[in-house]
Amino acid sequence: MIRHIETWTTGRDYFEQQQFKRQAQGWKLIIVTSGLLLGLVFIELFWLEPTVTSQVKSVFSGVLALLGGAAFVLWLVVQVMPIKVKWQIASLALAGLLGSCWAVLFPLLIHYSHFSTLYVYSDLFIFLSVVAFFSYPPAMYLAIGPVLGSFLFSGVYLELNHEALTVLSVISRLAIVIVVRECLYHWFHSSVFHEFEEQRLRQELATVSLVDPITGLQNSRHFELMLEREIMASRRHHSELTLLIVSVEPLRLYTMTCGHQAYEVLLKRVAKGLRRGVYRPRDFIARVGSDEFAVLLPDTDTEGSEIVAERIQRHIHRCCDNLVKADLEQPVCVKTSVIEWTPGWNVRQVFKHMHDAINVLRDDDKPEDIDDSDDAEKGHEPVDIIARYEPVSWFGK
């Protein structure tokens, strides 16, 4: 069987993939049923028709032998086909082989043995060819075309008294084939694209469920999945892994002053600064709280993560300071906690330390009886911090 890549990006790619699967089923159907029909003809020819000459039997056996040899060669060719070769070639070859074989046998047996049941077998072959190849019209017409031509040849040249009836019979068969094929193809086309749209919507919903709708960054659910993956990779390769927790202030005061819509604009600018501060494709950014963000840095020690943290702070200031100063007359404050993963930590433990670091960032340098509005009124501007989080102690830099 031809190998096939199970990937698709557009509706056309998906439709071609489903055509391939439908043709794979059609190949099995037409091969099995053609063998059954030829077996019935063989039984009737050799056991139920004593008047058939040995010459006709020999010719029939020779045609079957040629068909079997050609089918075996086709099977070998299909097995060695490279993946770039399309499945259409196999469908055309199989349809042409079976249609030609039946087109040769039909006038031969009609002329020399006068089988009345051969018309029934031929009509069954035409119907089965439509069912097997309707999703790929060239193969279908290549299978039934020689048979219909054989009908016409046998009726006009071998039975000269029935020319008009033969032509009418061939035309009616062709019309029935076209109508049945169009109905089947329309059903197949509609069902495939309906299934494609359904799968595309499911993928979009799965993607949306992993993305923060305001910033466009990944959300905490996706962050948890990536954290588990990176922890497994660090354990396997004995590599370092660090995590940055970034808290931006004063988002709460900015929201109360300018409204929720302005707050969303500011969050988008923070996300822009985070993206600019991270260079490597494998580094992962997610929004894990209302005002907190996480940056996962594989293969990075604490010194390297502090360099990334400083770069992130600079880019966030460039993206947000002018906007915040226009309303609060102070720049944003970016506080960062660096968490170094140790081999003994699992995902649950990392999340616990991460939430502890977030709480420390929220409480750092702010008395319990003073809120953000009090800081603004008294002229207290919080300063940027890059700190290493320790499970027991925490210190600023």
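Residues numbered from 1 in each chain as written. Predicted model: local features only at pLDDT ≥ 70, side-chain atom pairs only at ≥ 80, totals over all residues. Heavy atoms only, no water.

**Focus: the overall build of the protein chain**
- Scanning the protein chain from N- to C-terminus turns up 12 helices and 6 strands.
- Per-residue burial for the protein chain yields a buried fraction of 46% across its 397 residues.
- Pairs at least 24 apart in sequence give 73% of the contacts found in the protein chain among residues at least 6 apart.
- Summed over all atoms, the accessible surface of the protein chain reaches about 21100 Å², with 61% contributed by carbon and sulfur. (Helix = DSSP H or I, 4+ residues; strand = E, 2+ residues; numbered from the N terminus. Buried < 20%, exposed > 50% of the residue type's maximum accessible area, 1.4 Å probe, protein only. Contact = heavy atoms within 4.5 Å. Areas by Shrake-Rupley, 256 points an atom, 1.4 Å probe, with all protein chains shown as cover.)

**Focus: the packing of helix H7 (residues 220–237) against helix H11 (residues 347–363)**
- Between H7 and H11, the least distance of the axes is 10 Å, while the angle of their chain directions is 120°. With respect to H11, the axis of H7 lies oblique. Helix-helix and strand crossings are classified by hand; for H7 and H11 the assignment is right-handed. Only Val 347, Val 350, Phe 351 and Met 354 of H11 make contact with H7, whose side of the interface consists of Phe 223, Glu 224, Leu 227, Glu 228 and Ile 231. (Axes fitted to C-alpha atoms, helices over the stretch in contact; angles between N-to-C directions. Parallel < 35°, antiparallel > 145°, perpendicular 65-115°, else oblique. Left-handed = near helix turned anticlockwise from the far one by under 90°.)

**Notes on helix H4 (residues 118–133)**
- With 16 residues, H4 should reach 22 Å at 1.5 Å per residue; the first-to-last C-alpha distance of 22 Å fits that figure.
- Turning to H4, its buried residues are Leu 118, Tyr 121, Ser 122, Phe 125, Ile 126, Leu 128, Ser 129, Val 130, Ala 132 and Phe 133. (Expected span 1.5 Å × (residues − 1).)

**What to know about the pairing of strand E3 (residues 292–298)**
- In terms of residue burial, E3 counts as a mostly covered element, since 7 of its 7 residues are buried.
- Alternating residues of E3 divide into Glu 292, Ala 294, Leu 296 and Pro 298 and Phe 293, Val 295 and Leu 297, and every residue in both groups is buried.
- Bridging between strand E1 (residues 241–249) and E3 involves 7 bridges; their strand directions are antiparallel. Pairing of Leu 243 across the sheet is with Leu 296, part of E3. (Pairing = 2+ DSSP bridges.)

**Topic: a positive patch on the surface**
- A cluster of basic side chains, namely Arg 269, Lys 272, Arg 276, Arg 314 and Arg 318, defines a positive patch on the protein surface.
- At the level of elements, helix H9 (260–277) and helix H10 (302–328) are the ones that each hand at least two residues to the positive patch.
- Note on placement: Arg 314 falls in helix H10.
- Given a relative accessible area of 43%, Arg 314 falls into the partly exposed group. (Patch = residues over 30% accessible without salt bridge, like charges linked within 9 Å, V, L, I, M, F, W, Y side chains within 5 Å. Salt bridge = Lys/Arg side-chain N within 4 Å of Asp/Glu carboxyl O. Lys, Arg positive; Asp, Glu negative; His and termini not counted. Charge placed at Lys NZ, Arg CZ, Asp CG, Glu CD.)

**Points about the environment of Leu 361**
- With respect to the secondary-structure elements, Leu 361 resides in helix H11.
- For the pair Leu 361 and Lys 335, spaced 26 residues apart in sequence, the C-alpha to C-alpha distance is 6.7 Å.

**Points about the nonpolar core**
- Formed by 41 residues in total, the largest nonpolar core has its most connected members in Ile 30, Trp 102 and Phe 133.
- Looking at this core, the elements with two or more residues in it are helix H1 (11–48), helix H2 (54–79), helix H3 (87–113), H4, helix H5 (137–158) and helix H6 (163–208).
- Ranked by the residues each element gives to this core, the list is headed by H3, at 11 residues.
- In this structure, Trp 102 is in contact with Leu 37, Leu 38, Val 41, Leu 118, Tyr 121, Ser 122, Phe 125 and Val 147, ignoring residues within four places of it in sequence.
- In terms of nonpolar packing, the next biggest core, distinct from the first, is built from 32 residues, Leu 251, Leu 267, Phe 293 and Val 338 among them. (Core = buried A, V, L, I, M, F, W, Y, C linked by side-chain atoms within 4.5 Å.)

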